[in-house]
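Overview (structure and organization)
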Amino acid sequence: METKGVWTEQMGKFIDGMDHRYTSGRLHGIVDLHIHSAPDVRERKLDDLQLMEAAVERGVRAVVIKSHHVPTVDRAALVNRVKEEKYGDKSDFQMFGGIALNRFVGGINPWAVETALKLGGKLVWLPTNTAENHCRKEGKDHFISCVRDGKVVEELKDVFQLIRDYDAVLETGHISPKECFLVTEAARDAGVKKIVITHPEFHIVGMTLEEQKQIVKDYGVLLERVYAQPVGGGVYKKNLADNVTAMQEIGCEHFIVATDSGQLQNPEWYRSIAEYVDYLYDAGFHEEEIKKMTRENPGRMLGIIGG
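Report on the accompanying structure. Here the structure is a predicted model, which means the values were calculated and not measured.

Calculation rules
Residues numbered from 1 in each chain as written. Predicted model: local features only at pLDDT ≥ 70, side-chain atom pairs only at ≥ 80, totals over all residues. Heavy atoms only, no water. Pairing = 2+ DSSP bridges. Helix = DSSP H or I, 4+ residues; strand = E, 2+ residues; numbered from the N terminus. Axes fitted to C-alpha atoms, helices over the stretch in contact; angles between N-to-C directions. Buried < 20%, exposed > 50% of the residue type's maximum accessible area, 1.4 Å probe, protein only. Contact = heavy atoms within 4.5 Å. Salt bridge = Lys/Arg side-chain N within 4 Å of Asp/Glu carboxyl O. Polar contact = N/O pair within 3.5 Å; in protein donor to acceptor, adjacent residues only side chain to side chain. Parallel < 35°, antiparallel > 145°, perpendicular 65-115°, else oblique. Nonpolar A, V, L, I, M, F, W, Y, C, P; charged D, E, K, R; others polar.

Read from one edge to the other, the open sheet built from six strands follows the order β6-β7-β10-β11-β12-β15, with strand pairing classed as parallel. The open sheet has two free edges, formed respectively by β6 (98–100) and β15 (255–257), since each of these has just one partner strand. The sheet shows a mean angle of 25 degrees between the axes of neighbouring strands, taken without regard to direction. Bridge count between strand β12 (residues 222–225) and β15: three bridges; the pairing is parallel. Looking across to β15, one finds that Glu224 is bridged to Ile256.

See the structure below:
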């Protein structure tokens, strides 16, 4: 019987009781660009400090914490300060943050973006749970639009300039496939170098495999494929089999492995990423291919790995 992870204040680390065949050394050096942690409006599996401890224990290189509601850059900075005081040069782990352009921060708000980037933010997500595409599919109002009349909204042009100037990452959030193509072209024209299509397999985004192939071919973007997705009623389904198919079809060099973890319904982050990595090995991917998706590509987006 598998034992769930236990947080121990005395030991300051996780004892997870995992019996994965491969996990022990394979999380060393990985980078996860998509984790939801507490504090948050929604209850989360781990808080920021617990996440840091779990990552340091496993030799993880970096994670990005994400919130649909608030910027996470200041939280990440404080966690890094705690990590430095506790571990010093024994760990090179870093936590990063960003900002999601939902209505809670004023939508497509260049002032909020600039503030987050000045504080060290690395990722800027276009609207997620208040994106027009997301809201229309769920029958909700008060959404944020990125595209009107076939063109990106004016405010996005200022955001693109900031992302370019700070060498940050544009994440496409929960916008539609059609919007992804329009936004990506406009961002490339504005000089944005780092673009990631956020979980294109998520049913709200709904990007087909052919569309994923096309956007990679046309614009050289990276595709983020995550551990699981909600399907309604608090139920989640794993994406791992579909992710493997996409990676085999398109090529590992075009992918980022991330978990999008933190929900109470899903395993703790360190268990999700371990299962994901093990699944890739079991599917026959070579170590270098997995390193490309779990270390090199996400690390390059954060500027902590060259290339």
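Alright, that's what it looks like, and here's the rest.
What follows concerns the environment of Phe104. Among the secondary structure elements, Phe104 is positioned in the loop between β6 and α4 (110–118). You can call Phe104 partly exposed: its relative accessible area is 39%. In this structure Phe104 touches His68, His69, Asn129 and Thr130, once residues within four positions along its chain are discounted.

A few words now on the sheet that holds strand β3 (residues 31–35). Strand order across the open sheet formed by three strands is β3-β4-β5, with parallel pairing between neighbours. Edge strands, defined here as strands with exactly one partner in the open sheet, are β3 and β5 (94–96). Put simply, the sheet's adjacent strands are angled 20 degrees from each other on average, direction ignored. Note: strand β4 (residues 62–65) against β5, three bridges, orientation parallel. Each residue of the ladder has a partner; that of Val63, found in β5, is Met95.

By the secondary structure assignment, Gln214 is in helix α8 (residues 209–219). In this structure the C-alpha to C-alpha distance between Gln214 and Phe181, which are 33 residues apart in sequence, comes to 9.3 Å.

On to the pattern of salt bridges, then. Where charged atoms from two side chains of opposite charge come close, those side chains can pair. A complete count under the given rule lists 20 salt bridges for this structure. Note that Asp167 and Lys194 form a salt bridge whose closest N and O atoms lie 3.2 Å from each other. One end of the pair, Asp167, is in the loop between α6 (154–165) and β10 (169–171); the other, Lys194, is in strand β11 (residues 194–197), with 27 residues separating them in the sequence. Taking relative accessible area as the criterion, Asp167 reaches 40% and is therefore assigned partly exposed. In this structure Lys194 comes out as buried when scored by relative accessible area, which is 10%. A salt bridge links Glu275 to Lys238; its shortest N-O distance comes to 2.6 Å.

On to the side chain of Thr294, then. Along the chain, the position of Thr294 falls in helix α11 (residues 287–302). Here Ile290 takes part through its backbone oxygen, which lies 2.7 Å from a polar atom of the side chain of Thr294. If sequence neighbours within four positions are ignored, Thr294 has contacts with Ile30, Val31, Val257 and Val277.

With that out of the way, let us pick up the packing of helix α7 (residues 177–189) against α8. Contact geometry of α7 with α8 gives a least axis separation of 11 Å together with a crossing angle of 10 degrees. If you check the angle between α7 and α8, you find them roughly parallel. Across the interface between the two elements, Pro177, Cys180, Phe181, Thr184, Glu185 and Arg188 of α7 pack against Glu211, Gln214, Ile215, Asp218 and Tyr219 of α8. Taken together, the residues that form the contact of α7 with α8 break down as five nonpolar, two polar and four charged.

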